[in-house]
Amino acid sequence: MNAPEYFSHEEKAHPFPMNRWWIAGFSWELKDQPLARKILGHAIVFFRTPNGQLAALEDRCCHKELPLSMGSIENTGLRCGYHGLLYNHAGQCIEIPGQTVIPSKACVRTYPFLERDQILWIWIGESPAHQPLDEPPAYPFHRDPAFEFGGECYHYDAPYQLIHDNLMDLSHLGYVHTKTIGGNPSVHMNARLNVSQDGDVVRVVRLMPGSQPPPTYTAAWPFKGLVDRWQEVEFHVSHVLVWSGAMDEGSGSFDDSNRVGFHMRGLHGVTPESESTTHYFWTIANNPQPGQSNVTQLVIDQTAATFLEDKWVIEAQWKNQQQFQERTTLNIHVDGGPNRARRVIERLSQKTTASALA
Amino acid sequence: MNAPEYFSHEEKAHPFPMNRWWIAGFSWELKDQPLARKILGHAIVFFRTPNGQLAALEDRCCHKELPLSMGSIENTGLRCGYHGLLYNHAGQCIEIPGQTVIPSKACVRTYPFLERDQILWIWIGESPAHQPLDEPPAYPFHRDPAFEFGGECYHYDAPYQLIHDNLMDLSHLGYVHTKTIGGNPSVHMNARLNVSQDGDVVRVVRLMPGSQPPPTYTAAWPFKGLVDRWQEVEFHVSHVLVWSGAMDEGSGSFDDSNRVGFHMRGLHGVTPESESTTHYFWTIANNPQPGQSNVTQLVIDQTAATFLEDKWVIEAQWKNQQQFQERTTLNIHVDGGPNRARRVIERLSQKTTASALA
Amino acid sequence: MNAPEYFSHEEKAHPFPMNRWWIAGFSWELKDQPLARKILGHAIVFFRTPNGQLAALEDRCCHKELPLSMGSIENTGLRCGYHGLLYNHAGQCIEIPGQTVIPSKACVRTYPFLERDQILWIWIGESPAHQPLDEPPAYPFHRDPAFEFGGECYHYDAPYQLIHDNLMDLSHLGYVHTKTIGGNPSVHMNARLNVSQDGDVVRVVRLMPGSQPPPTYTAAWPFKGLVDRWQEVEFHVSHVLVWSGAMDEGSGSFDDSNRVGFHMRGLHGVTPESESTTHYFWTIANNPQPGQSNVTQLVIDQTAATFLEDKWVIEAQWKNQQQFQERTTLNIHVDGGPNRARRVIERLSQKTTASALA
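Small disclaimer: the values here were computed from a predicted structure and weren't measured.

A word on the overall build of chain A
Across its full length, chain A carries six helices and 17 strands. By the compact-globule yardstick of 21 Å for 358 residues, chain A fits well, its C-alpha radius of gyration being 23 Å. Dimensions of chain A, computed from the C-alpha atoms along their principal axes, are close to 75 × 50 × 35 Å. When burial is assessed residue by residue, chain A has 44% of its 358 residues classed as buried. Of the contacts formed within chain A by residues at least 6 apart in sequence, a portion of 58% connects residues at least 24 apart.

What follows is the structure in structure tokens.
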């Protein structure tokens, strides 16, 4: 086991919900080079050895503190690029060039790390003693044959909860995303809105029956005219699921989960990098119709552009919030969903900092 | 009226003369897009509606704090680019998409703001209760048919008083501006210098009879040989007026305000952006002679280059001053004008911070 | 003599060994323009007048604090680029344009400064009263006809002692410099290592008899096969001397200082710019054989590339060390040399801060 005095105690002050799985990336990011990424304030190197072993280690050689992510992957582990210390997937140093004895304290912290449905999940505990009791969730739309998907990782210079706010209130589509998934602002403002909560999961459903489909929708699907459009947003602490789509007006029921039409399934992994910066891991899956070639790429491209608009807005918002410190803000009708998500995070963050070792 | 709890109290600590008009820009800067600019530490959005209404609002939506300058101008005001809140020129929110009731506290701070002779003037009071009792000054050379002018806004990474120092002591022309308006250094060092003061206005007059005209002058005017050259600098708290020029030697009197020759009228709006950064709004007007085409553009271009030289020097000076902290400096003969201007600013800044609500 | 109240007292807090010569640059850097460089936290302007007089002055005009390095060199000194004050090599102001009397306090601090063997040396004392009692060392390989050399100045965003660590433990060659002077890692790890110390000088000798020559060596010298390779590193407080090379296996003795073969003589001036940044002045000299044209340039080019690899590693190391604060690190076998050098620096830094005026 790793020596306790080698661990950073910095994480205790982080105002994040700890002791849970967070998204750290996508499977296709781990190839022949190590990947450096900071998660909840922890600088971590991720890698996969040639035989498929996954590892997430503290990104710091215990000798001279070079990032291990500047090293190279070997069959048995990761070798530091300065003086050649070799670490296995468990963080133990297994070779020190120039000496035969390897002290037991020659090791680095490791993190529980695995992949499921092409998503890389990392467990960040309050301390190394807080180990996972559950598994990260499945995500079927990365393997459902009816769907095709693509995605990316965006880096935000903004705290993660501003991204929650954005995803939990899609009324901004009519002002921020007019060219893609937005469309007429009044459509969004007249949406039938329902907010509900079940434990730490918050759901916002917005229904826009008989509305004009926005540009991305008409480009992707042969709608006949007006559509019955839906957006179902499901907040989880580590990620937000957005099911949106539309069907020809009157062709189905919003209550039928197998309804016809154009479906988009968005995964939004919102992982704090630090208190003021965030990793935003997103994929978008859609159900292309036979004969409709290139629709998936169109959906991915327009989604990528749409999410860059969000990034532009949210980073400007954050910059302005820092400028106008300690000021009250106004709550409006559409803030119901975002505010519930905020209360979940607040409760879990307090719980983390107050909790004793399990 | 705006709700007091919504105002920033930050400005009280700013060491600037408050309760007065400052230059915020030029009329031609307000077109179909809002303009963001920070004035004396206040982040403000400026705009003109299609019907000509001017407005200066706090640049922060009271809902989610996006800069309003990222929004769009409509007939009745400015609409936020995130969730569509619409503000009129008085800072009142007049539309909240998705809800019918608009709470009275849905508003942002406004600032007295108007244009005169193509100059945009803003009043920065200690608090919103400190409203203007006077008007901003006229500036005739922006509308005198005998003059043509042009100008720009430069941003300085330096405190505004270093620009005062520069303008109030033109002996630097011989070392900094050798290629344009400088000329022989000894001409400047032998100038007849007179410094006087009337309340908060400081005047520095430098006369250089029988001197060699500098490059910009000979390019702009058909001088016969040596010239009688003058520089009359008038410091006001918010701006500095520089009347410079030359006439053929012996062709007129420095006492005659309607004297012949080449005249340049410089407006220098020196407006603090923050304690360490400054907006420098300048125009240069000259009296072109019939048949002398392109002279105005030449004067503008060479002035623009000259003022970039000042910016280069002053920003380097500021960087060095930060490096060598808490050090005494040497006063020399030419510092008389700059030091008087500094004492005016010092007195008014103290007065501001000490004053009670009028 | 300079007036004491004009001196910065900042340097006392600097954790550097004071009262000694440090390398400030190379002779070829001083041409017709002044050179600005910060040494041990002191911002200094270096220049050479047309008649060859060298000077190192505080880089700050005592009038308005413009860097004097923005001024121009004249026959009698350096003239400030703002208001034209002229300083001689002793830091005395000898001309103030516009006034006849020059106050005695119109001066700036100067530093003992001279060149020897194309190296510029500056003396940084605890105070101006601490003047040099010795001379800077000679460096024969900059004038030995058997050698040719070249070099450069690299700027490091890292503290100087990390560069000492790097130079005093060349086992990193096998991991960092595989393409140039590294070669097989196991060669370095099996090197015969000897560390010794004489006062403030630490020596590390690494011998690799019967080893494969690395790429730069084979490109520079017609070795027949395996070589007897050596690295002799000599740490001095202000610089590190690295004598490395190789001879055909068995063709000579490591004990013979005039041994045959390929010799490289590296000078490494490691001068703190600040507590966290460093100037790295290096030259590499080699003994080209008759008929081997271009070898010197090849050695210089490959050395330049090699030292950029070190810079890349060390700056990344420093960035990571700042991220993982207050953490213990592991000592391994090869750290013997670096750790001795660190103890010398530690002892001399304490001595400096504790010492009274001599």
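Anyway, onward from the coordinates.
Side note on the relation of the copies chain C and chain B
Once chain C is rotated about the relating axis by 120° and shifted along it by 0.1 Å, it coincides with chain B to within an RMSD of 0.0 Å. Seen this way, the second copy is the image of the first under a three-fold rotation axis. Minimal C-alpha distance to the rotation axis in chain C is attained by Asp-157 of chain C, lying at 14 Å.

Structural notes on the sheet that holds strand β15 (residues 239-248) of chain B
Residue and element names in this part refer to chain B. The seven strands lie next to each other as β11-β17-β16-β15-β14-β13-β12, forming an open sheet whose pairing is antiparallel. The open sheet terminates on both sides in strands that have one partner only, identified here as β11 (148-156) and β12 (192-198). The sheet shows a mean angle of 15° between the axes of neighbouring strands, direction not considered. Where β11 lies against strand β17 (residues 278-286), nine bridges are found, and the strand directions are antiparallel. By the bridge assignment, Phe-149 is partnered in β17 with Ala-285. With respect to the sheet, helix α1 (residues 160-168) is in contact with β11, β13 (201-211), β14 (227-235), β15, β16 (262-272) and β17, its orientation differing from that of β16 by roughly 160°. Across the sheet, helix α5 (residues 295-323) is in contact with β11, β16 and β17; its angle to β11 comes to roughly 20°.

Regarding the environment of Met-264 of chain B
All names here are of chain B. Mapped onto the fold, Met-264 is located in strand β16. Along the primary structure Met-264 and Glu-148 are separated by 116 residues, whereas in three dimensions their C-alpha atoms are 9.8 Å apart. If we ignore the near neighbours within four places in the chain, the residues touching Met-264 are Ser-244, Gly-245, Ile-284, Asn-286 and Val-299.

Considerations on unusual backbone geometry
Glycine aside, negative phi is the norm for most residues, and most peptide bonds take the trans geometry. One non-glycine residue, Leu-40 of chain B, lies in positive phi territory at about 50°. Here Gln-118 of chain C, not a glycine, exhibits a phi torsion of approximately 70°, which is positive. Among the secondary structure elements, Gln-118 of chain C is positioned in the loop between β9 (113-116) and β10 (119-124). For Gln-118 of chain C, a count of 17 C-beta atoms within 10 Å puts it in the partly exposed group.

Looking at the nonpolar core
By size, the foremost hydrophobic cluster in this structure holds 246 residues, and its most contacted members are Leu-57 and Ile-122 of chain A, Leu-57 and Ile-122 of chain B together with Leu-57 and Ile-122 of chain C. In this view, Ile-122 of chain B contacts Trp-22, Ala-24, Ile-39, Ala-56, Tyr-111, Pro-112 and Phe-113 of chain B; residues no more than four positions away in its chain are not counted.

Quick notes on the confidence of the model for chain A
Residue and element names in this part refer to chain A. The pLDDT averaged across chain A works out to 91; a share of 94% of its residues lies at or above 70. Scored below 50 in pLDDT, residues 1-13 makes 23 contacts in the model with residues more than four places away or belonging to other chains. Confidence drops under pLDDT 50 across residues 353-358; counting only partners more than four residues distant or on other chains, this segment forms five contacts. Confidence estimates for the predicted assembly give a pTM of 0.91 and an ipTM of 0.90.

A word on the domain arrangement of chain A
Residues and elements named next belong to chain A. The domain boundaries assigned to chain A delineate domain 1 (4-124) and domain 2 (140-352). Taken together, the contact between domain 1 and domain 2 spans 19 residues of the former and 19 residues of the latter. Only β1 (20-26) and β2 (35-39) provide two or more residues apiece to the side of domain 1 that touches domain 2. By residue number, the principal contributor to the side of domain 1 that touches domain 2 is β1, which donates seven residues. For the side of domain 1 that touches domain 2, the class distribution of residues is 11 nonpolar, four polar and four charged.

Criteria and thresholds
Residues numbered from 1 in each chain as written. Chains lettered and ligands numbered in written order. Predicted model: local features only at pLDDT ≥ 70, side-chain atom pairs only at ≥ 80, totals over all residues. Helix = DSSP H or I, 4+ residues; strand = E, 2+ residues; numbered from the N terminus. Rg over C-alpha atoms; globule rule 2.2 N^0.38 Å. Buried ≥ 20, exposed ≤ 12 C-beta atoms within 10 Å, placed from the backbone. Contact = placed C-beta atoms within 7 Å. Least-squares fit on C-alpha atoms with pLDDT ≥ 70 in both. Pairing = 2+ DSSP bridges. Axes fitted to C-alpha atoms, helices over the stretch in contact; angles between N-to-C directions. Core = buried A, V, L, I, M, F, W, Y, C linked by C-beta atoms within 7 Å. pLDDT = per-residue confidence, 0-100. Domains from an automatic or database assignment. Nonpolar A, V, L, I, M, F, W, Y, C, P; charged D, E, K, R; others polar.

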